Amino acid sequence: MKSSSTLSTAAIVAAAASAILVVFATDSHAFAPGRLSSSSAARINSYFNNDQRHQLSSSTSAFRLSASSPNEEDLELTRQIIMAHIKKMGLEDVDDEDDDITDMDGIVDDNNNGSNHNHDDDYPQNDLMIRAALGRSPIDRTPVWLFRQAGRHLPEYNEYKTKVGRSFLDMLSYPEDVAECTMQPIRRYNVDAAILFSDILVIAEALNVEVTMPGGVGIQVPCPLVGPADMKARLPSKEVINREFVMDKLGHVMESVRLIRSRMKEENISIPLIGFSAAPWTLLFYMVGGSSKKNTHIGMEWLHVYPEASRELLDMLTNIIVEYMSLQVENGAHMLQLFEAMGMMIEPKEFDEFAMPALRKIAAELKGRYPDVPLMVFARGASYANAELSKAGYDVITIDGSVNRIEARGVVEDRAGLQGNYDPALLIESNGNTIESVKETARQYLEELGPQRLIANLGEGLGGKESPMLVNAFVEAIHEESERMIREAK
């Protein structure tokens, strides 16, 4: 009889491989060409919690694979470990034929075309966003979601906020609030993804930099960093920026991600969940300048006056962003969005010198760890960087409202998909817009960008004045028009 806690065969395979990877980590000489890559290691390890990994690694701590061992011997030794764990778990009757350890990089069915950090039953039934982002196969309709789809344009959001009596920033510390606000737009609209309800400056707060939102003046940092000495005195050292630090400071975000996934399952909404973070330059801009509307010159001044301190800060921010976004994936996010929201506040030369290296490193790290998790980037106001970003490893390049749609494909070529650019002002009734006008502009949008390898979205977030009726009209028009265009093209 199998134990009631029986693990799946794929899980057992991954468990044993996880144990081997822990052993590898204790002896750098154990690595050899042709073995499991670091990205495979990260993906396999993500199947299990820390207790499971500790149990498995402890039982194999004396095991070593030498760099000179033939692959056949490695496979046999690996198989022995797998079978030993099967026996230890009381699963002796598991069919050997299912334990194909030679396909460790393809634990998830190839037909998924998507993220293999989750178990098969967690993969979204509606995976249009994932497939459109990765571009591995044609889609039948263009997926759509909206920047700031959760929030103040929704009457249910404003009612909930009044009910709980908390500000936007306060709600972010309550996973129940985060989950509810994340769920509201996906209950109302037939969007193809949910996005974590959060803020771009949570990382600044995690680094002991206070963030406020007094109302009417945007996000503010009342006590910005005033120089390198102040930076060193107030911020933690780079050496302590690791997973444990992120979980200590931002564990409530991970709890929120898990709760959202649970709520989505309870409500039978099976679409991808997007995790996100601000990019390094955007965080630096706020942390040294204090506001998006005042002292906007200070960010650039830091780069010029304190170039080494700026690089040090950007490097620290890069490290924490990588761990923050990684933990979002490992707690349930299917896709990742990086926001360089203040791209308009840096000149092209400085963007290339300071911002781009950080963006390249983030892409390399995250795609190395999770190659099948779509990674999207938005350099708002810095569209001149889109070509280089498409070469950096990002799956999707978001375009703002300034980008010429006819030319956008030529910039990224076939290296990446596109997202964004629809003007949210077209969703405001007081501007004279109607359901019919939204349908027409949505059709034009698809004709100019093409329906494939596209994620329909906005050129900036919903501001609060948009009509839910017109937002819904946009979502439906994208689906209907893209289906028609794709069908007619066959």
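Everything below is about the structure printed above this text.
In this report, the structure presented in the accompanying data block is examined. (Residues numbered from 1 in each chain as written. Predicted model: local features only at pLDDT ≥ 70, side-chain atom pairs only at ≥ 80, totals over all residues. Heavy atoms only, no water.)

The next subject is the environment of S291. Relative to the assigned elements, S291 resides in the loop between α12 (280-289) and α13 (298-305). According to the relative accessible area criterion, S291 is buried, its value standing at 5%. With 70 residues separating them in the primary sequence, S291 and V221 have C-alpha atoms 6.2 Å apart. When residues no more than four places from it in sequence are discounted, the contact partners of S291 are I219, F285, Y286 and T296. A distance of 2.9 Å separates the side chain of S291 from the backbone nitrogen of K293, its partner in a polar contact. In this structure the side chain of S291 is engaged in a polar contact, spanning 3.3 Å, whose partner is the backbone nitrogen of K294. (Helix = DSSP H or I, 4+ residues; strand = E, 2+ residues; numbered from the N terminus. Buried < 20%, exposed > 50% of the residue type's maximum accessible area, 1.4 Å probe, protein only. Contact = heavy atoms within 4.5 Å. Polar contact = N/O pair within 3.5 Å; in protein donor to acceptor, adjacent residues only side chain to side chain.)

Another point: the pairing of strand β6 (residues 417-420). Looking at chain direction, strand β5 (residues 396-399) and β6 are connected through 4 bridges and run parallel. Of the residues in β6, the one forming a bridge with I399 is G420. The β-α-β motif built from β5, the intervening helix α17 (residues 405-412) and the parallel element β6 has right-handed crossover chirality. Pairing between β6 and strand β7 (residues 454-455): 2 bridges, direction parallel. Paired with L418 across the bridge in β7 is L454. Chirality of the crossover, the property in question, places the unit of β6, helix α18 (residues 435-449) and β7 among those that are right-handed. (Pairing = 2+ DSSP bridges. Right-handed = clockwise from strand over helix to strand, strands pointing away.)

The next subject is the packing of α18 against helix α19 (residues 468-489). One can describe the packing of α18 onto α19 by two numbers: an axis separation of 8 Å at closest approach and a directional angle of 45°. When the interaxial angle is binned, α18 and α19 end up oblique. Our pair here, α18 against α19, has a crossing hand that is right-handed. Touching I435, V438, K439, A442, R443, Y445, L446 and E447 of α18 are M469, L470, A473, F474, A477, I478, E481, S482, R484 and M485, all from α19. Looking at side-chain class alone, the contact of α18 with α19 contains 12 nonpolar, 1 polar and 5 charged residues. (Axes fitted to C-alpha atoms, helices over the stretch in contact; angles between N-to-C directions. Parallel < 35°, antiparallel > 145°, perpendicular 65-115°, else oblique. Left-handed = near helix turned anticlockwise from the far one by under 90°. Nonpolar A, V, L, I, M, F, W, Y, C, P; charged D, E, K, R; others polar.)

Let us look at the pairing of β5. Here β5 shows no split at all, with V396 and T398 on one side and I397 and I399 on the other all buried. Here 3 bridges tie strand β4 (residues 375-379) to β5, and the two strands are oriented parallel to one another. The residue bridging V377 from the neighbouring strand is I397, located in β5. Taken together, β4, helix α16 (residues 386-391) and β5 constitute a β-α-β crossover, and its handedness is right-handed.

With that settled, consider the environment of I399. Note that I399 resides in strand β5. Residue class for I399 comes out buried when judged on its relative accessible area of 1%. When the C-alpha atoms of I399 and G459 are compared, they prove to be 6.4 Å apart, with 60 residues separating the residues in sequence. Not counting residues within four places of it along the chain, the set of residues in contact with I399 comprises F378, N386, A408, L418, Q419, G420, N421, L449, L458 and G459.

This next bit is on the sheet that holds strand β2 (residues 273-278). Read across the open sheet, the 7 strands follow the order β1-β2-β3-β4-β5-β6-β7; overall the sheet is parallel. Each having just a single partner strand, β1 (194-195) and β7 make up the two edges of the open sheet. As defined by bridge partners, β2 adjoins strand β3 (residues 335-340) across 5 bridges and the pair is classed as parallel. Residue pairing across strands places A278 opposite F339, the latter belonging to β3. Strand contacts of helix α15 (residues 348-369): β3 and β4, with the helix running at about 170° to β3, the strand carrying the most contacts.

A separate point is α15. A rise of 1.5 Å per residue sets the reference length of α15, with its 22 residues, at 32 Å; its end C-alpha atoms lie 30 Å apart and thus fit the reference within 8%. Its maximal kink placed at A355, α15 deviates by approximately 45°, while the proline P357 follows within four residues. Burial in α15 covers these residues: E350, F351, F354, A355, M356, A358, L359, I362, A363, L366, K367 and R369. (Expected span 1.5 Å × (residues − 1). Bend = angle between axes of the 7 residues up to and from the residue.)

On to unusual backbone geometry. What you tend to see is this: most non-glycine residues have negative phi, and most peptide bonds are trans. Phi is positive for R148, which is not a glycine, with a value near 60°. Tracing the chain through its elements places R148 in the loop between α5 (128-134) and α6 (155-164). The backbone phi angle of R453 is positive, close to 50°, even though this residue is not glycine. Within the element layout of this structure, R453 appears in the loop between α18 and β7.

All right, on to the packing of aromatic side chains then. If you walk through the whole model with that rule in mind, you get 13 aromatic pairs. Ring centres of F147 and F378 lie 5.3 Å apart, and the angle between their planes is 15°; on these two criteria the pair is classed as stacked. Of this pair, F147 sits in the loop between α5 and α6 while F378 sits in strand β4; the two residues are 231 residues apart in sequence, bridging distant segments of the chain. In terms of burial, F147 and F378 fall into one category: buried. Consider the rings of W281 and F285, whose centres lie 6.0 Å apart with planes at 55°: the pair is tilted. Highlighted residues: W281 and F285, both in helix α12, separated by 4 residues, approximately one helical turn. (Phe/Tyr/Trp six-rings, centres within 6.5 Å; stacked < 30°, edge-to-face > 60°.)

To continue, consider the layout of surface pockets. Estimated volume of the largest pocket: approximately 1300 Å³. Surrounding the largest pocket, 43 residues form its lining, R148, R152, D199, I219 and L462 being those nearest its centre. Elements with a minimum of two residues in the lining of the largest pocket: α6 and α7 (168-171). In terms of residue count, the dominant contributor to the lining of the largest pocket is α6 (3 residues). (1 Å grid on protein atoms, 1.4 Å probe; cavity = no way out; pocket = protein on both sides within 12 Å on 5 of 7 lines; lining within 4 Å. Points joined across faces, edges and corners; volume = space filled by probe spheres on them.)

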